[in-house]
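So you can see what is in the structure, the chains are spelled out below.
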Amino acid sequence: GGITSGRGIFEMIKAMEFVNGKLILAGLFANPLEQEQAQKLPGWGKVEELGFCDREKVMEILAAARAGLVLFHPDPNHTNAQPNKLFEYMAAGLPVIASDFPLWREIIDSAKCGICVNPLEPKEIADAIEWAFNNPEEAEKMGAAGKKAVEEKYNWRAEDNKLVKFTKRW
């Protein structure tokens, strides 16, 4: 995916200052200036920047990950969005650490698949990451619950009936 300030890259890197772990970045920085700024942050020493990755490599990364971060800023285009990344992490069986937007909280809380945080607070992000590291059994249960939610609810098979009913009304 695209790596941008609006998707929380600076906060993620700042959070790494408080985390005993590594942040894996798969994707490209949309803005070279933001990439330079990110690389100057103290937390950058705990970042592994992979650049563009094909699907096979992404699956390998997700299989080794302990949590998936979806930390968009509270911009109007984000607060009511349903980012693919959220559902990709859930489908991969990863607990998600996501922005605390009402719609996202509803999805995450109903599925019991992650932790919502203030995406502008690196320490809060770090605490959630550390929780996932320090509570592997509970984090694994969250990941499994997210995967189940995607298999049962958040998929095209589940949504196609709604779409057909909607279009038949017109």
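Everything below is about the structure printed above this text.
For the structure given in this document, a descriptive report is provided here. (Residues numbered from 1 in each chain as written. Predicted model: local features only at pLDDT ≥ 70, side-chain atom pairs only at ≥ 80, totals over all residues. Heavy atoms only, no water.)

**Comments concerning the overall build of the protein**
The number of helices and strands found in the protein is 9 helices and 7 strands. Scaling as 2.2 N^0.38, a compact globule of 170 residues should have a C-alpha radius of gyration of about 15 Å, and the protein matches this with 16 Å. Across its three principal directions, the C-alpha atoms of the protein cover 55 × 35 × 30 Å. For the protein, with 170 residues in total, the buried portion stands at 40%. Long-range contacts, defined as pairs at least 24 residues apart, comprise 62% of the intrachain contacts of the protein with a sequence gap of at least 6. For the protein, the accessible area works out to roughly 10200 Å², and carbon and sulfur atoms hold 52% of it. Between the mean site of the 21 positive side-chain charges and the mean site of the 25 negative ones, the protein shows a separation of 6 Å. (Helix = DSSP H or I, 4+ residues; strand = E, 2+ residues; numbered from the N terminus. Rg over C-alpha atoms; globule rule 2.2 N^0.38 Å. Buried < 20%, exposed > 50% of the residue type's maximum accessible area, 1.4 Å probe, protein only. Contact = heavy atoms within 4.5 Å. Areas by Shrake-Rupley, 256 points an atom, 1.4 Å probe, with all protein chains shown as cover. Lys, Arg positive; Asp, Glu negative; His and termini not counted. Charge placed at Lys NZ, Arg CZ, Asp CG, Glu CD.)

**Describing the pairing of strand S2 (residues 23-26)**
In S2, alternate side chains face the same way, and those of Leu23 and Leu25 are buried while those of Ile24 and Ala26 on the opposite face are not. Relative to strand S4 (residues 47-51), S2 is paired through 4 bridges, and the arrangement is parallel. Within S4, the position partnered with Leu25 by the bridge is Glu49. (Pairing = 2+ DSSP bridges.)

**Some details on the environment of Glu17**
You can see Glu17 is positioned in the loop between helix H1 (9-15) and S2. Given the relative accessible area of 40%, Glu17 is considered partly exposed. Residues in contact with Glu17, not counting those within four places in the same chain, are Pro42, Gly43 and Lys46.

**Some points on the state of the cysteines**
Applying the stated criterion across every chain, the model contains 0 disulfides. Lacking any disulfide linkage, Cys113 is separated from the closest cysteine sulfur, that of Cys116, by 8.3 Å. On the basis of relative accessible area, Cys113 is assigned to the buried category, the value being 0%. (Disulfide = S-S within 2.5 Å.)

**Here's the deal with helix H5 (residues 84-91)**
Within H5, the full set of buried residues consists of Leu86, Phe87, Tyr89 and Met90. Viewed along the axis of H5, the buried residues span an arc of 155°, placing them on a single side of the element. In the stretch just after H5, Gly93 is the one whose phi turns positive, near 80°. (Arc of directions from axis to C-beta.)

Bear in mind that shape data such as this cannot, by itself, settle questions of function.
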